[in-house]
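Report on the structure
Chain by chain, the residues run as shown.
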Amino acid sequence: MKRFSQLLLAFILILATFSLSFSQIQKAASPSWLRPISLKPIKPNLDDISDGYYYELIDHQVNVDQQTKYYKDIKFLFDQSGIENLGQIQVTFDPHFQKLQLHELKIIRDGKSMDLLPQAKFQLLASETELARSIYNGSQMAYYVLEDLRKDDRIVFAYSIVGANPVFEGKFFDSYYLQGYEPTGLVHLHYIIPNNRKLHFKSFNGAPQVRQESKGGMTSYFWEINDDKPVVYESYSPSWYTALKYVECSEFNNWAEVTQWNNRINPIPQIATSGPLRDFVNKMWNESEGQPYLFVKKATDFVQNEIRYMGIEMGEYSHRANLPEKVFQQRYGDCKDKSMLLATLLKSKNIDAGLVLANTYKNRGLEAALPSPHAFNHMVVELSIQGRRQYIDPTITNQGGDIKSRYFPAYGKVLSGLDKNGLTDIPQNVAGNIKIREVLTLEGKFNATLEVTTTYSGNEADNIRSYFQSNAKNDIQKQYLEFYAKTYPKINKAENVQYKDDIENNSVEITEKYKIKNIGKAESGTTKKYISLIGSHINDKLPETLEDRVAPLSLPFPSDVEYEILIINKGKASFGQYRNNVYFDRQAYVFGKTLEVAPDSIRIYYTLGLHEPFVDQKDLKQYYTDFADRDNIFYNGFYLDENGYATDGIPNVGTPRAADEINWFTLVVFLGLLPATIWFIAKRYNRSRPVILKPYEEIYHEQVGGWLIVLAIVIVVNVLSLTVSFFFKQSFFNSVIWHAMDQADGVSPFLYKILIMAEMVANVLIMAGLTYSFVLLVKKRDLFAQTFFAIALFMAVFFTIDGIIAYVMFKPHLDRVDSTIGIYESNIRAILFFCIWGTYVYSSQRVKGTCLHPYTTEHKLHTATISNHPFDSNYLGPYPLPVHQDETIKAEEDPANGQPKEQ
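Residues numbered from 1 in each chain as written. Predicted model: local features only at pLDDT ≥ 70, side-chain atom pairs only at ≥ 80, totals over all residues. Heavy atoms only, no water.

**Comments concerning the overall build of the protein chain**
Assigned secondary structure in the protein chain consists of 19 helices and 39 strands. Long-range pairs, those at least 24 residues apart, make up 72% of the contacts in the protein chain with a sequence separation of at least 6. Summing over all exposed atoms, the protein chain offers an accessible surface of approximately 44,900 Å²; the carbon and sulfur share of this is 54%. (Helix = DSSP H or I, 4+ residues; strand = E, 2+ residues; numbered from the N terminus. Contact = heavy atoms within 4.5 Å. Areas by Shrake-Rupley, 256 points an atom, 1.4 Å probe, with all protein chains shown as cover.)

**A few points about the pairing of strand β3 (residues 68–77)**
Within β3, eight of the 10 residues are buried, leaving the element largely enclosed by the surrounding structure. Here strand β2 (residues 53–63) pairs with β3 via 10 bridges, running antiparallel. The partner of Leu57 across the bridge, within β3, is Ile74. What sits between β2 and β3 in their antiparallel hairpin is a turn of four residues, with Gln67 showing a positive phi close to 50°. One ladder, built from nine bridges, connects β3 with strand β10 (residues 154–162); its direction is antiparallel. In the sheet register, Ile74 faces β10, and the bridge partner there is Val156. (Buried < 20%, exposed > 50% of the residue type's maximum accessible area, 1.4 Å probe, protein only. Pairing = 2+ DSSP bridges.)

**Some words on the packing of helix α8 (residues 459–470) against helix α9 (residues 473–485)**
Taken N-terminus to C-terminus, the directions of α8 and α9 make an angle of 120°; their axes are 8 Å apart at the nearest point. In this view, α8 runs oblique relative to α9, as classed from their interaxial angle. Listed contacts from α9 to Ile464, Tyr467 and Phe468 of α8 are Ile476, Gln479 and Tyr480. Considering only residue class, the contact of α8 with α9 consists of five nonpolar, one polar and no charged. (Axes fitted to C-alpha atoms, helices over the stretch in contact; angles between N-to-C directions. Parallel < 35°, antiparallel > 145°, perpendicular 65-115°, else oblique. Nonpolar A, V, L, I, M, F, W, Y, C, P; charged D, E, K, R; others polar.)

**A look at the environment of Ser250**
Counting through the fold element by element, Ser250 comes out in strand β16 (residues 246–250). Beyond its immediate chain neighbours, meaning those up to four positions away, Ser250 contacts Phe172, Phe173, Lys198, Leu199, His200, Leu370, Pro371 and Ser372. Looking at Ser250, its side chain comes within polar contact range of the main-chain nitrogen of Phe252, at 3.0 Å. (Polar contact = N/O pair within 3.5 Å; in protein donor to acceptor, adjacent residues only side chain to side chain.)

**Quick word on the sheet that holds strand β13 (residues 200–204)**
Spatial ordering of the open sheet is given by β11-β16-β13, a layout of three strands whose pairing is antiparallel. Pairing within the sheet leaves two strands with one partner each, and these edge strands are β11 (173–177) and β13. For this sheet, the mean inter-axis angle between neighbouring strands, taken without regard to orientation, is 15°.

**Quick look at the packing of helix α4 (residues 276–287) against helix α5 (residues 292–306)**
Two numbers describe how α4 lies on α5: the axes approach to 8 Å, and their chain directions differ by 135°. Taken as axis vectors, α4 and α5 run oblique relative to one another. In the packing of α4 onto α5, the handedness of the crossing is right-handed. Residues Phe280, Val281, Met284, Trp285 and Glu287 of α4 form the contact with α5, whose participating residues are Leu294, Phe295, Lys298, Ala299 and Phe302. (Left-handed = near helix turned anticlockwise from the far one by under 90°.)

**Quick notes on the confidence of the model for the protein chain**
Keep in mind that low pLDDT regions are not for reading the predicted coordinates in detail. In the predicted model, the protein chain carries a mean pLDDT of 84, and the fraction of residues at 70 or more is 84%. Low pLDDT (under 50) marks residues 652–660, which in the prediction has 27 contacts with non-local residues, meaning those over four places away or in another chain. Segment residues 858–903: pLDDT under 50, and 53 contacts once partners within four positions in sequence are set aside and those in other chains are kept. (pLDDT = per-residue confidence, 0-100.)

**Focus on the packing of aromatic side chains**
The tally for this structure, following the rule as stated, stands at 49 aromatic pairs. Where Phe584 meets Phe627, the ring centres are 5.5 Å apart and the plane angle is 85°; that geometry is what we call edge-to-face. One end of the pair, Phe584, is in strand β33 (residues 578–585); the other, Phe627, is in helix α11 (residues 620–627), with 43 residues separating them in the sequence. Considered together, Phe584 and Phe627 belong to a single accessibility category, that of buried residues. Assessed through its relative accessible area of 4%, Phe627 is described here as buried. Cluster of aromatic residues (ring-pair linked, three or more members): Tyr563, Phe584, Tyr589, Phe591, Tyr606, Tyr623, Phe627 and Phe634. Lying across the ring of Phe222, Arg35 places its NZ or CZ 3.6 Å from the centre. In this structure, Lys171 is placed above the aromatic ring of Phe252, and the distance from its NZ or CZ to the ring centre is 4.7 Å. (Phe/Tyr/Trp six-rings, centres within 6.5 Å; stacked < 30°, edge-to-face > 60°. Lys NZ or Arg CZ within 6 Å of the ring centre and 35° of its normal.)

**Thoughts on the pattern of salt bridges**
Tallied over the full model, the rule gives 29 salt bridges. A salt bridge links Arg109 to Asp153; its shortest N-O distance comes to 2.8 Å. One end of the pair, Arg109, is in strand β5 (residues 99–109); the other, Asp153, is in the loop between β9 (140–145) and β10, with 44 residues separating them in the sequence. One exposure class covers both Arg109 and Asp153, and it is buried. With a closest N to O distance of 3.4 Å, Glu596 and Arg603 form a salt bridge. Judged by relative accessible area, which is 25%, Arg603 ranks as partly exposed. Here the salt bridges do not stand alone but share partners, grouping Arg109, Asp148, Arg150 and Asp153 into one network. (Salt bridge = Lys/Arg side-chain N within 4 Å of Asp/Glu carboxyl O.)

**Some points on the environment of Tyr246**
In this fold, Tyr246 is placed in strand β16. Relative accessible area serves as the criterion here: at 10%, Tyr246 is assigned to the buried category. C-alpha separation for the pair Tyr246 and Pro208, spaced 38 residues apart in sequence, amounts to 9.0 Å. With sequence-adjacent residues up to four places away left out, Tyr246 is seen in contact with Tyr176, Tyr177, Leu178, Lys202, Ser203, Phe204, Asn205, Ala207 and Lys362.

This is how it looks when you write it as structure tokens:
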């Protein structure tokens, strides 16, 4: 019914201006004062163009003295889709103070021009560009349907709009974008103004400075651009942000002049000494017992809730408020009308109040704009009682709590009627909070109950209160049920949604109760079932973005949310102890997650607080890093056992398992593999002779030195690093590693576990081999070079193959560059290790001249000192032991052990 009355009023207003509009349209020659264009359009890259057409020319020229704005554009249709999008010509204007002059309409085809203007019959429609906001501005649209359009046609259209809104008292201001999100062949912008008037100009985002030329008593200010590239639009950009080049101009010299203008057109009147409005004010004052803040609360509640938001902003009433008596009687008004009424009520009782100009879109950067009324689109009220100042927005409805703590949006800079110093900062306060508590009780046999309690305070209570008052209860119940049905398909309400409103303390509590049957989802390829709980209440407030984002990221400020998920196994304790915390406090936001496992329950607790309405460019990388792995942060999955209770088996890699859960099979394999490796080295390999990388026949270096010392250190560091990674960082004994990919799509759990087993075996062999190599190096054994080279080669080959297999297996899950780098990190290090130290050992004379001592049965080297040659009658090595020409070695048998004894 409300919507019908609004449409009926719009229809009446359209009829009232329809005949006026027709008289405001005429066909005329182009103005004589136009500036000719000197540059030629360029042809843009058509791959940057959508909709099948582009602007070959955009020409906008303004004669400030004649209050005339001239527009001309040439559109080139290069694709069939362009014909669909350019099938009609349309121009919007306000017939209350403007006239439309049509200058040119033609189609250029194959070099020939077809003039359509003489026969063109433009029709009129009510455009009402702000009808969605319940604002009727009386604007009209003149339109004409084009016939016989073809590919490669050029459509030329030129017109002028003559007249300016008298509410601005003859002062001129404007802003214009010199580029768009798609390229343009040529942009020409021109302002012509008498020399006795001063027009200020300012360029933004790298826009070129204005050029000027004088002729007679006029000065032309202009731009010609034909080499600009388009700017990429990025979603979730703040409303105040643009990367487009644009310019502003204004005849206002400072913000004080704008304040003076607003005071002239919107003076706060005195209420008549008698009449309905005076009687109403006196009644509220008496009910307030003369207490100023109580009166402010009553007056604010009345204007906010009983004067509905709707405006008729035709002509000068686009910026001029209606008289308070009229608004009071008709019981509707726009932001200016409601603000004027509230300020008038307050001033009638000697409460200092003023009108404030604000901008609901540009809450940052307003101080850089040129002073003009164009900088604002909203009006609110400021009051001062005993030196305490407060802002009130009369267009917000259903606000509760103490009047002193009423929420006021973070509009950034405003122009206050009480402050004569120019722009004033509005403080950014997070005045509200949302607390959500979901208790999921598993009752066995895959049945469960869900109870949700949500508490809203401050501005969040204002919002939810308005939502409940403007929607049917049954619709709300349905929407709430559908929200949880996405997670639990077999859910039904147990009770109706309960709504409790404590308006005095501005708190709203909503309780939901549901019953769930057949809870859980079946795991693909198995008989297991699991439940997945997503922290959507937090996740939805944090927009996803790309790593290379440039534009600042808009956030739903203000927001302060606490979200708790509690899973209870009714009558059954099956969980161990575990706790995991994630927390970051950044300039724009603070985020935390806690996961706790108790004997019979799991608690997941999220917090999110937004400090700023956006993430600045310098902090975008940090934001991306913080929330890149959303599955890890917001997804929580748990297996259900055969009775429908949650277990500590977790089907998602992002959710941690109990840290002390041991995979006993892995431990048994390790305890068997390690002694087997030691036995093989000690009993078999250690007694053998080197087959490759044979040492020299002579000792050239008595001690381990040179680069061999560095190599020894490198071996020790690698052994320690592998040990820490094996037992702690990536513990192969923890069940998390073995079940991490059980639920990952496209990954075979069996092949994944085979890969993990191979990695464990390889790590054991490498750790044992490097440790043994260190021992051989210290003892200067002839097996060192061969052993170390083989281990280094094995590391390089194994980790390369392992990396390739892992990449192929996990490719669908490598959605970030750092994930791919992590896959290749180990084999890159192993290859470098082999290339550096494997080749060194292979070719080093130092190694071959130091490590050449053979194995002895006593595990002891018997060396001859003559000529530094090793000698032992029990020598098992393959090399002849030369005897010095001048010396003779005598040996006799030691009766104690039957071995040769040196003499």
